[in-house]
Amino acid sequence: MATLIDGKLISAKIKEDIKAKIEELKAKNITPGLAVILVGEDPASTVYVRNKEKMCGELGIKSEVYRLPESTTTSELLDLIDKLNENKAIHGILLQHPVPSHIDEYAAFNRISPKKDVDGFTDVNIGKLVIGKDTFVSCTPNGILAMLKHENVDISGKHCVIVGRSNIVGKPMSSLMLKENATVTICHSKTTNLTEITKQADILIVAIGKPKFITKDMVKKDAVVIDVGINRIDGKLIGDVDFDNVKEVASKITPVPGGVGPMTMVMLMSNTIKASTL
Ligand code: NDP
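Basis of the calculations
Per chain, residue numbering runs from 1 following the sequence as it is written. With pLDDT at 70 or above as the cut-off, local features in this predicted model cover only qualifying residues; side-chain atom pairs require 80 or more to be listed or tallied, and sums for whole chains, interfaces and linings still use all residues. With hydrogens and water excluded, all non-hydrogen atoms of the structure serve as input to the side-chain values. One heavy atom within 4 Å of a molecule or strand makes the whole residue count as near it. Under the rule applied, a polar contact is a pair of N or O atoms within 3.5 Å (in protein, one hydrogen donor and one hydrogen acceptor; residues adjacent in sequence only if both atoms are side-chain atoms). Working definition of accessibility: Shrake-Rupley area with a 1.4 Å probe, residue cover restricted to the visible protein chains. Counting from the N terminus, the helices are DSSP H or I runs at least four residues long and the strands are E runs at least two residues long. Throughout this description, buried means an accessible area under 20% of the type-specific maximum (1.4 Å probe, protein chains only), exposed means over 50%, and partly exposed covers the range between. Any two strands with at least two DSSP bridges between them are considered paired. Whether a crossover is right-handed comes down to one check: with the strands pointing away from the viewer, does the path from the first strand over the helix to the second run clockwise; if it does, it is right-handed. Two residues form a contact once any of their heavy atoms are found within 4.5 Å. Centres within 6.5 Å are what make two rings of Phe, Tyr or Trp a pair, Trp counting through its six-membered ring; a difference in plane orientation under 30 degrees is then read as stacked, over 60 as edge-to-face, and the rest as tilted. Only when the NZ atom of a Lys or the CZ atom of an Arg is both within 6 Å of the ring centre and within 35 degrees of the ring normal do we say a charge sits over the ring. Whenever a helix is involved, its axis is fitted only over the stretch in contact; in every case the axis is a line through C-alpha atoms, and angles between N-to-C directions fall within 0 to 180 degrees. In a left-handed crossing the near helix is turned counterclockwise from the far helix by less than a right angle, and in a right-handed crossing that turn is clockwise. Residues are grouped as follows: Ala, Val, Leu, Ile, Met, Phe, Trp, Tyr, Cys and Pro are nonpolar; Asp, Glu, Lys and Arg are charged; all remaining types, including Gly, are polar. Note on definitions: the grid is 1 Å and covers protein atoms alone; a cavity is a set of points where a 1.4 Å probe fits but cannot get out; a pocket is an open set with protein on both sides within 12 Å along at least five of seven lines; lining residues have an atom within 4 Å of a point. Grid points are joined across faces, edges and corners, and a volume is the space filled by probe spheres set on the points. Here the bounds of each domain stem from an automatic or database domain assignment. Salt bridges are defined as contacts in which a side-chain nitrogen from Lys or Arg sits within 4 Å of a carboxyl oxygen from Asp or Glu.

Novice: Is there a simple way to explain the site of the ligand in this structure?
Specialist: Around the ligand, 20 residues are found, and the nearest of them are Arg-165, Ser-166, Ser-189, Lys-210 and Thr-264. Lys-210 places a polar side-chain atom, nitrogen or oxygen, 2.9 Å from a nitrogen atom of the ligand. Take Ile-230: an N or O atom from its main chain is 3.0 Å from an oxygen atom of the ligand. Expressed as a share of its isolated accessible area of 930 Å², the protein-covered part of the ligand is 71%. Broken down by element, the shell around the ligand gets its largest block of residues, 3 residues, from helix α10 (residues 260–276).

Structural data, given as structure tokens:
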């Protein structure tokens, strides 16, 4: 039976470290500042932004939230990002994803100064990650790596299978695991022999957005299983992994909720602290 990787507990410990760092910065007259831009009223994004604001308050990070109407144009958004790039009190800029479809999302994310790109979405930071340089890493993959390290999971030489190749989770996760010397396989919707591959994983990371998609027969005995998925079913949050059955074969597993989710937010705070020291 698997032991639980408790994201709430691990993130709470990281929060304590962050608080200590903020105190050190305050002694040097630096107050880390994060600007969050929300365009439109997507309900999930509205909740995420509110939670980010709350955590900033809790930790002593100055937060400024820009709630822009759905009708905002790309050029108006770029103007705001330009102003925030120039603002010395703002160290990190986060553009809440997704933005309305009429906005040029690629242009908007890339307008953020790489030094303030606390989400690690700019081409510059993604490129640095791919070539193994120190940079801002996308918060969810960064949080997953922090969890694995906290749990003392052996990564070097292990086979890590990642299901999902999105730019915010799967792809950056693969670069991080390569840097940690794992042998990495990435699967996606066109992968034909998925079970054959997932069954080889020592570390299985799943980010596809399909409830309970990964079943017990797809998992090797004693694998470490990380479930990134968040699916809302009848008001409940369900992961991409069939937790109740997979926990019988895995050695360690993350729950949903309370696994990867809480880590994502603390990594954003951690990146903001890092940005304030650049
Ligand atoms: P995307 O929709 O951007 O990507 C989904 C990926 O899954 C794609 O690469 C897709 O393949 C792949 N996929 C879809 N169906 C299958 C299948 N049947 N077999 C194999 N691969 C498949 O999703 P995100 O990466 O943004 O998010 C994934 C999940 O993680 C969502 O539930 C999301 O809510 C959650 N999430 C959770 C976070 C957290 O903090 N816990 C943060 C970010 C996301 P293809 O490329 O071929 O289409």
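Novice: Please explain the pairing of strand β5 (residues 159–163) as it appears in this structure.
Specialist: Remember that side chains alternate between the two faces of the sheet whenever the strand is regular. Burial of β5 is extensive: 5 of the 5 residues sit out of reach of the surface. Covered by surrounding structure in β5 are His-159, Val-161 and Val-163 together with Cys-160 and Ile-162, the residues of both alternating faces. Alignment of β5 against strand β6 (residues 183–187), held across 5 bridges, turns out to be parallel. When the sheet's bridge partners are listed, Cys-160 is paired in β6 with Val-184. Tracing the backbone out of β5, into helix α7 (residues 170–179) and back to the parallel element β6 gives a crossover that is right-handed. Across 4 bridges, the pairing between β5 and strand β7 (residues 203–206) is parallel. By the bridge assignment, Ile-162 is partnered in β7 with Ile-205.

Novice: For this particular structure, what's the right way to read the side chain of Asn-271?
Specialist: Structurally, Asn-271 can be placed in helix α10. Exposure remark for Asn-271: the relative accessible area of 4% places this residue in the buried category. In contact with Asn-271, not counting residues within four places along its chain, are Val-118, Phe-136, Val-137, Cys-139 and Asn-142.

Novice: In this structure, what is going on with the packing of aromatic side chains? I would like to understand it.
Specialist: Aromatic ring pairs are described here by two measures, namely the spacing of the ring centres and the angle between the planes. Tallied over the full model, the rule gives 1 aromatic pair. Lying over the aromatic face of Phe-136, Lys-274 brings its terminal NZ or CZ to 5.4 Å of the ring centre.

Novice: Would you explain the packing of helix α6 (residues 139–150) against α7 in this entry?
Specialist: Helix-helix packing: each pair is described by the crossing angle between the helix axes and the interaxial distance. One can describe the packing of α6 onto α7 by two numbers: an axis separation of 9 Å at closest approach and a directional angle of 35 degrees. You can see that α6 and α7 cross each other, and the crossing is right-handed. Side by side, α6 and α7 meet where Pro-141, Asn-142, Ile-144, Leu-145 and Leu-148 of the first sit next to Pro-172, Met-173, Leu-176 and Met-177 of the second. The residue inventory of the contact of α6 with α7, partitioned by class, reads 8 nonpolar, 1 polar and no charged.

Novice: Can you help me understand the layout of surface pockets in this one?
Specialist: Taken as a whole, the largest pocket spans an internal volume of roughly 1,400 Å³. Considering the residues around the largest pocket, the lining is formed by 49 residues, among which Tyr-48, Thr-140, Ile-230, Gly-261 and Thr-264 are closest to the centre. Those elements giving two or more residues to the lining of the largest pocket turn out to be α1 (7–27), α2 (43–59), β4 (92–95), α6 and α10. The element contributing the most residues to the lining of the largest pocket is α2, with 9 residues. Considered class by class, the residues forming the lining of the largest pocket number 25 nonpolar, 14 polar and 10 charged. Structurally, the lining of the largest pocket is a two-domain feature, drawing no fewer than three residues from each of domain 1 (29–115) and domain 2 (139–261). Reported here for the second largest pocket is a volume of approximately 360 Å³. Lining the second largest pocket we find 19 residues, and of these Tyr-106, Phe-121, Ile-126, Asn-167 and Ile-168 sit closest to its centre.

Novice: Would you mind going over the pattern of salt bridges with me for this structure?
Specialist: Pairing of side chains with opposite charge becomes possible as their charged atoms draw close. Tallied over the entire structure, the rule returns 12 salt bridges. Notably, a salt bridge pairs Lys-19 with Glu-16, separated by 3.6 Å at the nearest N-O pair. Of this pair, Lys-19 and Glu-16 both sit in helix α1, separated by 3 residues, roughly a single helical turn. Among the ionic pairs, Glu-53 bridges to Arg-67, the shortest N-O distance being 3.2 Å. Of the two residues, Glu-53 sits in helix α2 while Arg-67 sits in strand β3 (residues 62–68), which places them 14 residues apart along the sequence. The partly exposed category is assigned to Glu-53, whose relative accessible area is 30%.

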